[in-house]
Amino acid sequence: MSTQSNGQNGNGNKLVGEVVSAESDVGSSVSGRVAPPPGQMKKADFVSDQEVRWCPGCGDYAILNNVQKVMPELGIPREKIVFVSGIGCSSRFPYYMNTYGFHGIHGRAPAIATGIKCANPDLSVWVITGDGDALSIGGNHFIHAIRRNLDINYILFNNRIYGLTKGQYSPTSEFGKKTKSTPSGTIDYPINPLSLAIASESTFVARSIDIDVKHLGTIVEAAAKHKGISFIEVYQNCNIFNDNAFDYFAERTVRSDRVLYLEHGKPMIFGKERNKGVRMNGAHPEIVTIGENGITENDLLVHDIYLQDPSVAFMLARMEQPEFPQPVGIFRAIERPTYEDMMVDQIEASIAKSGPGSLEKLIHSGDTWVVE
Amino acid sequence: MSTVIEPPVTQPDKHLEELETVTIRFAGDSGDGMQLTGTQFTNTSAVVGNDISTLPDFPAEIRAPAGSLPGVSGFQLNFSSQDIKTPGDQPNVLVAMNPAALKVNLPDLEEGGTLIINIDSFTPENLKYANYATNPLDDNSLAGYRVHKLPITTLNMNALKGNVDLSRKEIDRSKNFFALGVLYWLYDRPMENTLNWIRAKFAKSPELAKANEIALKTGYNFADTTEVFTTHFTVKKAQIAPGKYRKITGNEATALGFIAASQISGRPLFYGSYPITPASDILHELSRHKSFGVKTFQAEDEIAAVCAAIGASFAGQIGLTGTSGPGVALKQEAIGLAVMTELPLVIVNVQRGGPSTGLPTKTEQADLFQAVWGRNGECPAIVIAPATPADCFHMAIESVRLAFKYMSPVFYLSDGYLANGAEPWALPEVQELPQIEVKFHTDPTTFMPYARDAETLARPYALPGTPGLEHRIGGIEKQHITGNVNYDPENHHLMVKLRQEKIDRAVNDIPLLEVMGEQSGKVLVLGWGSTYGSISSAVEKMQREGKSVSAAHLRYLNPFPRNLGEVLAAFDTVIVPEMNLGQLCTMIRAKYLVDAVPFSKVKGRPFQIREIVRKVEEYL
């Protein structure tokens, strides 16, 4: 409990003085300088002065590097960008971006971001989260922030493990996985982040891979340009607690055979020889080989990211190795009014109807009477 | 008294008697419209110039089984020609619309009090629901009261049947207006106010409007023309301070106070909330005022509601969240984040009976510890509490002022009694409202996220969107001045002390505690929050009797006013009435080493004046 006498004797000034020296050994987290105009910014303008403290070899570095690279190309003034995160390795991300940043509490980044975006729709708001943060403790906020369709970019680093707490299974860990907390293997079935995002009415749904640098950059840029919620799942390697977790499809030598790069307007083709494709067989997808049994490109499913009906996007989200290639790219990108725009519209409509609120009138509203 | 079905043709000459104060309780099934009836009587009494104070008392179930004891809904109203501060200890009049309402409320009725009973509802089935072995109307158990047995359902049906195009069931639903009409005559109230309300409310359902209007007038005329009542009463205008007034509940005043804070600070209001009794009316009220730029966000849960408010604060709006005790329990981690990031935030807790779900519709003050100490770590926040429904307006403004000035979460502890209770509100002049100055840092050359104001120790408020001030905040310990992540032991010790010191310094910004009555003496009754009315009424009464009793009421619970220690030391005994097991009492015992006496009542109901009088008398 407080000792109130301290409040009156100016002790606080002394407290402030005590640590002036502590300041000198670490640099400030503030640039202290205004960023160049959007057209002249470089990647370096988005690198903060803080030492990056992820484990050497972590997939997070590649994602950070990519996001920093994409930022100058978005044409958004640096001061209008806010990164918000929860808790976990990935959630340290905002400290390394020389933008505004808010490192929140476990699972709640989407809720904090919602408040920021509603309060100032002019800001470019980014949520950085992990599989535990977004889908376990923050599962509820994941669903609701997405369904509201705020214009927020939402990047989930999926490493299928709890890294910061040193290696327990996560909600995306494969069934039966042996971890510190599951020595006999997990007995809960994993959740599919894209399925959940689509079920939550996400207007933009995409997936990429940390080591596929070029692809990731394209996806991040597309997400930033989408008006409305933009959800990206990034497969991210945790080289300490879940190393090589995605090698079975993402490793360079097998990737072209096991990953399907989705491209809008193009038939779904994959494989080193570019001769494998996805075709509908009744209500189910199947893998076919072009040139065999008279199959041509015309038989293949053509990707359409603008379909209002989410069924095909959902079907693609369910395709997995080894039965299917692992799809990456943009699954869905549809337009829908955003939450913050509608919120502002309602306020403007109210003012248009009855004029700006008058405090005097408000206080004197209702049945009043005068005592002489 | 005999039951009269048909009104006589001649109008008897009735006697009009003057009364100073009357307490009426309307009680019926939760579907009987008792809250509405009570509210209408209150509005009319306020408009005719009486002082008023109300206590709605309703079940947590929306519609418990009809006629059952848990389904009883009550509304108590005290109206007076004097200055009153409570809804009255004991009703003088009980309106009982069914046996269950009689059973639940009769023990509270004063000896010899007036009972107005709808005898039509005293069917064998309803008597059984109310656990009556014999019919109280016949077994002489009501002999100690003045009983008026009225067949309200039948009278109302006879009056409306054929006059409105409604089913019997729909007609029956207007019988509360018949009862209200009877009471309006009995206490000499005009019907205009309610008739206007009916016409506006049912503008789209003319038949319902007509039915309610006929019911009200018929009830009035019935009481006037029959011999059921030989006397009726009048209560003159109250001798209260001159000015313009309106009736207001605590929740309404809270919502208006936050809108006012937004207007005078120039910062838009963002209200993040999840529906919860008894706080939801604040969300309803604020969502109606979009023309003030108010943004209301009905979140997916309590945690999202407070986190969104924190986000809005970070972006420069007034971050406000409102809930009741269980919701605060869920929000606490996020409130800790606001303490760590040193952002302004206001948390409204309309306290209700706990723990857990507890008594959702009943009042309690048991969340004081939760507000002061309920988070992990050393996590100080400012805590304030309004004392009356109208005081909610001013304390809401005060919470926003302190949150911005100290860059800190502020708890605003209302309760169910304040929230739903009503009193006349002396309307303030807008230009006399306190000023709220919000300063934003804009200069990149002098910006350090955790540098501090020399006077308040508040850190600078730097909004996203300001060029050159890009910085990162978060829940991890921050280095003094730079705001960088920092795990240094000395730094942590310093930051813990700084955060505490900042809250302690708010003491320089809050008024001294005032003593009502002599500045020293035998007994001081110390209260906080909604107990103000009962405590001050009891103490004033005893002071008029020449007893050595004073009262003091805390609106600031953390930090306490600077002179609290001196005030306590000037009395032989300090008694602390609280609707908890002695939380404020524990705090002052710990801080001031005073042998204060807790006086606990945790029944979901406010203190009666006489309960406090009796307790104080033990120490005189």
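Residues numbered from 1 in each chain as written. Chains lettered and ligands numbered in written order. Predicted model: local features only at pLDDT ≥ 70, side-chain atom pairs only at ≥ 80, totals over all residues.

**Q** Please explain the overall build of chain B as it appears in this structure.
**A** Scanning chain B for helices and strands turns up 20 helices and 23 strands. Relative to a compact globule of 620 residues, whose C-alpha radius of gyration would be 25 Å, chain B shows 27 Å and is just as compact. With the principal axes as the frame, chain B shows a C-alpha extent of 90 × 60 × 45 Å. Of the contacts formed within chain B by residues at least 6 apart in sequence, a portion of 76% connects residues at least 24 apart. (Helix = DSSP H or I, 4+ residues; strand = E, 2+ residues; numbered from the N terminus. Rg over C-alpha atoms; globule rule 2.2 N^0.38 Å. Contact = placed C-beta atoms within 7 Å.)

**Q** Help me understand the overall build of chain A, please; the structure alone is not making it clear to me.
**A** In terms of regular secondary structure, chain A is built from 12 helices and 12 strands. Considering chain A as a whole, with its 372 residues, one finds that 43% of them fall into the buried category. Contacts in chain A between residues far apart in sequence, at least 24 positions, make up 65% of those at least 6 positions apart. (Buried ≥ 20, exposed ≤ 12 C-beta atoms within 10 Å, placed from the backbone.)

**Q** What am I meant to see in the pairing of strand β2 (residues 21-29) of chain B here?
**A** Two faces, one strand: in a regular strand the side chains alternate between the faces of the sheet. Residues and elements named next belong to chain B. Counting buried positions along β2 yields eight of nine residues, so the element is predominantly enclosed. Pairing analysis gives nine bridges linking β2 to strand β4 (residues 72-80), with the strands arranged antiparallel. Bridge pairing links F26 to F75 in β4. Across four bridges, the pairing between β2 and strand β5 (residues 93-96) is parallel. Bridging from a neighbouring strand, I24 pairs with V93 of β5. (Pairing = 2+ DSSP bridges.)

**Q** Looking at this structure, I do not really get the nonpolar core. What am I missing?
**A** Buried together is how nonpolar side chains tend to be arranged in soluble globular proteins. By size, the foremost hydrophobic cluster in this structure holds 251 residues, and its most contacted members are A:V84, B:V95, B:I310 and B:V525. In contact with B:I310, not counting residues within four places along its chain, are A:I112, A:G115, B:G319, B:A334, B:L337, B:A338, B:L343 and B:L345. (Core = buried A, V, L, I, M, F, W, Y, C linked by C-beta atoms within 7 Å.)

**Q** Please explain the interface of chain B and chain A as it appears in this structure.
**A** In many reports, interface size means the accessible area that the parts give up when they come together. With 95 residues of chain B at the interface, the matching set in chain A holds 76 residues. Both strand β2 (residues 100-103) of chain A and strand β17 (residues 472-474) of chain B contribute to a ladder of three bridges, which runs parallel. Bridging from a neighbouring strand, A:H103 pairs with B:G474 of β17(B).

**Q** What should I look at first to understand helix α2 (residues 59-70) of chain A in this one?
**A** For an α-helix the count is 3.6 residues per turn, leaving residues at separations of three or four pointing the same way. Residues and elements named next belong to chain A. For α2, spanning 12 residues, the distance from its first C-alpha to its last is 17 Å, which sits close to the expected 16 Å at 1.5 Å a residue. When α2 is considered as a whole, its buried residues turn out to be G59, D60, I63, L64, N66, V67, Q68 and V70. Those residues of α2 that are buried are in contact with β4 (152-158), α7 (213-225) and β6 (230-235). (Expected span 1.5 Å × (residues − 1).)

**Q** Where do I start with the pairing of strand β16 (residues 422-426) of chain B in this structure?
**A** All names here are of chain B. Of all five residues that make up β16, four are buried, and the element is covered over most of its length. Of the strand pairs in this sheet, strand β9 (residues 243-249) and β16 are connected by five bridges, and their pairing is antiparallel. Considered in β16, the bridge of K247 is made with P424.

**Q** Please explain the domain arrangement of chain A as it appears in this structure.
**A** Residue and element names in this part refer to chain A. Here the domain parsing of chain A yields domain 1 (37-266 + 303-345) and domain 2 (267-301). Look at where the C-alpha atoms of domain 1 and domain 2 centre, and you get two points 29 Å apart. Listed per partner, the contact involves 11 residues of domain 1 and eight residues of domain 2. Every element with two or more residues in the side of domain 1 that touches domain 2 is listed here: α9 (252-258) and β7 (259-262). When residues of the side of domain 1 that touches domain 2 are assigned to their parent elements, the largest contribution, three residues, is made by β7. For the side of domain 1 that touches domain 2, the residue count by class is seven nonpolar, two polar and two charged. (Domains from an automatic or database assignment. Nonpolar A, V, L, I, M, F, W, Y, C, P; charged D, E, K, R; others polar.)

**Q** In this structure, what is going on with the sheet that holds strand β9 (residues 276-281) of chain A? I would like to understand it.
**A** Residue and element names in this part refer to chain A. Strand order in the open sheet made by the three strands is β8-β9-β10, with antiparallel pairing throughout. Each having just a single partner strand, β8 (269-270) and β10 (284-289) make up the two edges of the open sheet. The pairing of β8 with β9 spans two bridges and is classified as antiparallel. Looking across to β9, one finds that I269 is bridged to G277.

**Q** Honestly, the packing of helix α1 (residues 34-47) of chain B against helix α6 (residues 175-186) of chain B in this entry has me stumped. Any pointers?
**A** The geometry of a pair of packed helices is captured by two quantities: the angle between their axes and the separation between those axes. All names here are of chain B. It is the contact of α1 with α6, at a shortest axis distance of 10 Å, that shows an interaxial angle of 30 degrees. Overall, the two elements α1 and α6 adopt an arrangement that is roughly parallel. Helix-helix and strand crossings are classified by hand; for α1 and α6 the assignment is right-handed. Within the contact between the two elements, α1 uses M34, L36, T37, Q40 and F41 and α6 uses N176, A179, L180 and L183. Grouping the amino acids of the contact of α1 with α6 by side-chain chemistry returns six nonpolar, three polar and no charged. (Axes fitted to C-alpha atoms, helices over the stretch in contact; angles between N-to-C directions. Parallel < 35°, antiparallel > 145°, perpendicular 65-115°, else oblique. Left-handed = near helix turned anticlockwise from the far one by under 90°.)

**Q** Would you mind showing me how to read the packing of helix α9 (residues 250-265) of chain B against helix α14 (residues 391-406) of chain B here?
**A** All names here are of chain B. α14 packs onto α9 with a crossing angle of 40 degrees between their chain directions and a minimal axis gap of 7 Å. By the criterion of interaxial angle, the relationship of α9 to α14 is oblique. Crossing hand, α9 versus α14: right-handed. Across from G250, A253, T254, L256, G257, F258, A260, A261 and S265 in α9, the residues of α14 making contact are C392, F393, H394, M395, A396, I397, V400 and F404. Tallied by class, residues from the contact of α9 with α14 come to 12 nonpolar, five polar and no charged.

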